[in-house]
Amino acid sequence: MSRHDGPNTYGGPGPAAPRESVLRAVALTRTYGQDDTLVWAVDGVDLDVPEGQTLAVTGPSGCGKSTLLQLLGGLDRPTEGEVWLGGRRVDGLGERALARLRRRSVGFVFQAYHLMDELTAAENVELPALLAGSPARRARARAAGLLERVGLAGRARALPAELSGGQRQRVAIARALVNEPLVVLADEPTGNLDSAATADVLRLFGELRAAGQTLVVVTHDERVAATADRVVSLRDGAVADDLLLTPADTPGLPGLLDWEA
Ligand SMILES: Nc1ncnc2c1ncn2[C@@H]1O[C@H](COP(=O)(O)OP(=O)(O)OP(=O)(O)O)[C@@H](O)[C@H]1O
Ligand SMILES: [Mg+2]
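Residues numbered from 1 in each chain as written. Chains lettered and ligands numbered in written order. Predicted model: local features only at pLDDT ≥ 70, side-chain atom pairs only at ≥ 80, totals over all residues. Heavy atoms only, no water.

1. Section: the nonpolar core
The biggest cluster of nonpolar side chains holds 34 residues, and the ones touching the most others in it are V125, L147, V171, I173 and F205. Broken down by secondary-structure element, the contributors of at least two residues to this core are helix 3 (121-131), helix 4 (136-149), helix 5 (165-177), strand 7 (183-187), helix 6 (195-210) and strand 8 (214-218). Beyond its immediate stretch of four places on either side in the chain, F205 contacts I173, A186, P189, L215 and V217. (Core = buried A, V, L, I, M, F, W, Y, C linked by side-chain atoms within 4.5 Å. Buried < 20%, exposed > 50% of the residue type's maximum accessible area, 1.4 Å probe, protein only. Helix = DSSP H or I, 4+ residues; strand = E, 2+ residues; numbered from the N terminus. Contact = heavy atoms within 4.5 Å.)

2. Details of the environment of P78
You can see P78 is positioned in the loop between helix 1 (65-72) and strand 4 (80-85). In this structure, the C-alpha to C-alpha distance between P78 and R30, residues 48 residues apart in sequence, is 5.0 Å.

3. Quick look at the sheet that holds strand 9 (residues 230-235)
Read across the sheet, 6 strands follow the order 6-7-8-3-9-10 without closing on themselves; strand pairing throughout is mixed. For this open sheet the edge positions go to strand 6 (106-110) and strand 10 (238-244), each flanked by a neighbour on one side alone. Adjacent strand axes in the sheet meet at a mean angle of 15°, parallel and antiparallel pairs treated alike. Along the sheet face, helix 2 (residues 95-105) touches strand 6 and strand 7 and points at about 80° away from the line of strand 6. (Pairing = 2+ DSSP bridges. Axes fitted to C-alpha atoms, helices over the stretch in contact; angles between N-to-C directions.)

4. Points about the pattern of salt bridges
Scanning the model with the defined rule gives 11 salt bridges in all. A salt bridge links E95 to R77; the nearest nitrogen and oxygen atoms lie 3.1 Å apart. A residue pair is termed long-range when its members are at least 10 positions apart, and E95 in helix 2 and R77 in the loop between helix 1 and strand 4 qualify at 18 residues. Relative accessible area serves as the criterion here: at 12%, R77 is assigned to the buried category. Here D91 ties to R89 by a salt bridge, and the two come within 2.8 Å at their closest N and O atoms. Summarising the burial analysis for this pair, D91 and R89 share the class buried. What emerges from the salt-bridge pattern is a single network uniting R170, D200, R203 and E207. (Salt bridge = Lys/Arg side-chain N within 4 Å of Asp/Glu carboxyl O.)

5. Points about the pairing of strand 4
Across a regular strand the side chains alternate sides, sitting on one face of the sheet and then on the other. Pairing between strand 1 (residues 21-32) and strand 4: 5 bridges, direction antiparallel. Following the sheet pairing, R24 is matched in strand 4 by W84. The sheet contact formed by strand 4 and strand 5 (residues 88-89) spans 2 bridges and is antiparallel. By the bridge assignment, W84 is partnered in strand 5 with R89. Joining the antiparallel neighbours strand 4 and strand 5 is a turn of 2 residues, in which G86 adopts a positive phi near 55°.

This is the structure in structure tokens:
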């Protein structure tokens, strides 16, 4: 079976996933290697993330958390199974369509920040907006607004090397939001941070949650998992536990993200 067997519905009408589902995995599988070295990094995961949900993914090292997140965000391709984003099947997309989808619809936050060293905080936040075709003035205004929201208005011209780890991660969160993504995917976002910086990131995630932003966070940190609506535990690439902490219909505070640039 090839990954290209599935229908490519991006941009077309195509069959729709349930409307309220922002992100959906169906029998998602990713193996590495072959024969003796075959590893089932993700092994038949079914997952449905409704709009506005904050989902924490936990589990021991090597259980497949990062691989799952990369499949969900189109950074990697499944060996088998389906990924649906915003009601469209995306696992069969070509490279260009997938890159476009990642840029416009997914905001990534990584443990190691992955900022561009030679760009200022503001330029790092602007870049994905410019790449998505936003006019320069609008991208600049949006970046400024987001840096203010993450408490870094005064450091907009700083280079990453001039910022603390917590400040870098807040820049990365602002960058993840610049194109108003359908979903923010974060892999161990507090893994390199001390308690104070972790608290800053958790406060920001709390604001996103209140604003109705769909968020998937891979984490070892119980403090992070405790702030989620739902906690999915992985073991050996499969879902071992799926715990709903907050009922799906808990109202957020709409409008927090709907500000004008
Ligand atoms: N590129 C790769 N090539 C081969 N095996 C890989 C590759 N990436 C991951 N794996 C294997 O897939 C499994 C899942 O890895 P993954 O990085 O998803 O785990 P994780 O849960 O994120 O772990 P951690 O908590 O340590 O970050 C592991 O057995 C890992 O060794
Ligand atoms: Mg990982």
